[in-house]
Amino acid sequence: MIFRASFVPLVLDISAKPKTIPKQMQKGMVIFMDETDRTAPANAQKTYNTLLALLCYLSILLFIPLLKKEKNDFVAYHVNQGLVLFIIEFIVGMVLAIIGLILQFASPLMFTVLLFVFAVFSLFFFICHIVGIIHVFCHQQNKIPVFGEIKIYKPEENHSED
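Student: Mind showing me how you'd approach the packing of aromatic side chains here?
Tutor: For any two aromatic rings, the description comes down to two numbers: the centre-to-centre distance and the angle of the planes. Following the criterion strictly, the structure yields 5 aromatic pairs and no others. For the ring pair Phe 125 and Phe 147, a centre distance of 6.2 Å and an interplane angle of 40° mean the geometry is tilted. Note that Phe 125 is positioned in helix H5 (residues 108-137) and Phe 147 in the loop between H5 and strand S4 (158-159), a separation of 22 residues in sequence. We note that Phe 125, like Phe 147, is buried.

Student: What's the story with the pattern of salt bridges in this structure? I'm lost.
Tutor: Close approach of charged atoms allows side chains with opposite charge to pair. Applying the stated criterion across every chain yields a total of 1 salt bridge. Lys 143 serves as the salt-bridge partner of Glu 149, at 3.9 Å between the closest nitrogen and oxygen.

Student: Honestly, the nonpolar core in this entry has me stumped. Any pointers?
Tutor: Taken as a class, soluble globular proteins show a tendency for nonpolar side chains to be buried jointly. By size, the foremost hydrophobic cluster in this structure holds 21 residues, and its most contacted members are Tyr 57, Val 79, Leu 85, Val 136, Phe 147 and Tyr 153. Taken together, the elements giving at least two residues each to this core come down to helix H2 (39-55), helix H4 (73-106) and H5. Top contributing element to this core by residue count: H4, with 7 residues. In this structure, Tyr 57 is in contact with His 78, Gln 81, Gly 82, Leu 85, His 129, Gly 132, Ile 133, Val 136 and Ile 144, ignoring residues within four places of it in sequence.

Student: I would appreciate a short explanation of the side chain of His 78 in the present structure.
Tutor: Tracing the backbone through its elements, the reader meets His 78 in helix H4. There is a polar contact of 2.8 Å between the side chain of His 78 and the side chain of Tyr 57. Excluding its chain neighbours within four sequence positions, the residues that come into contact with His 78 are Ala 53, Cys 56, Tyr 57, Gly 132, His 135, Val 136, Gln 140 and Gln 141.

Student: Help me understand H5 in this model?
Tutor: Residue pairs three or four apart in sequence face the same way in an α-helix, which turns once every 3.6 residues. Relative to the 44 Å expected for 30 residues at 1.5 Å per residue, H5 spans 43 Å between its end C-alpha atoms, a close match to the ideal helical length. Looking only at H5, the buried set comprises Leu 114, Phe 125, Cys 128, His 129, Gly 132, Ile 133, His 135 and Val 136. Positive backbone phi, approximately 55°, marks His 139, located one or two places after H5.

Student: Help me out: how do you make sense of unusual backbone geometry in this one?
Tutor: Residues apart from glycine generally show negative phi values, whereas peptide bonds are mostly found in trans. Positive phi, normally seen in glycine, also occurs at Ser 59, with a value near 55°. Among the structural elements, Ser 59 can be located in the loop between H2 and helix H3 (63-67). Judged by its relative accessible area of 41%, Ser 59 falls in the partly exposed class. Residues other than glycine seldom take positive phi values, yet Val 146 does so here, at roughly 70°. For Val 146, the position within the fold is in the loop between H5 and S4. Using a relative accessible area of 71% as the deciding quantity, one classes Val 146 as exposed.

Student: Even after reading the chapter, I still don't get the environment of Val 75, so can you show me in this structure?
Tutor: For Val 75, the location among the structural elements is in helix H4. Here Val 75 falls in the buried class, since its relative accessible area comes to 0%. Val 75 sits 26 residues away from Asn 49 along the chain, and the two C-alpha atoms are 6.2 Å apart. Not counting chain neighbours up to four residues away, the residues in contact with Val 75 comprise Asn 49, Leu 52, Cys 56 and Pro 65.

Rules of the game
- Residues numbered from 1 in each chain as written.
- Predicted model: local features only at pLDDT ≥ 70, side-chain atom pairs only at ≥ 80, totals over all residues.
- Heavy atoms only, no water.
- Phe/Tyr/Trp six-rings, centres within 6.5 Å; stacked < 30°, edge-to-face > 60°.
- Helix = DSSP H or I, 4+ residues; strand = E, 2+ residues; numbered from the N terminus.
- Buried < 20%, exposed > 50% of the residue type's maximum accessible area, 1.4 Å probe, protein only.
- Salt bridge = Lys/Arg side-chain N within 4 Å of Asp/Glu carboxyl O.
- Core = buried A, V, L, I, M, F, W, Y, C linked by side-chain atoms within 4.5 Å.
- Contact = heavy atoms within 4.5 Å.
- Polar contact = N/O pair within 3.5 Å; in protein donor to acceptor, adjacent residues only side chain to side chain.
- Expected span 1.5 Å × (residues − 1).

Interpretation in functional terms is not warranted from these geometric data alone.
Set out below in structure tokens:
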């Protein structure tokens, strides 16, 4: 039989009357639970799915949950959102880099303006990443700003939702 220990306040005198034990400690007096407690595996799976969904918004780490074969709807949704964000961020970065190479030699003033535009786009993408991470921790399937409607990734097999 497997037992799981819970938080136990430091009360050593078992024979003490309940009046002497503070109310906060009386609530936390459960010491052991038997294996019929099914919340631990469900919480572990939810934590694992949250971790996979979090990786979707951390740039190249997106490929870890993308290549996993078993994904539930929550993780698959955030894989799609992270993939859209990654691809658009990559395309915008490459276009601005190529324009920057041309303008660096042609017009230093325009290159400075382009650096400002690049900073604005970088800030926007950073905010999109933060919004996605907040949605993961709130366990929501909300769209990221501007291009959250785009669907690129469709998983072959969806497993149960959390």
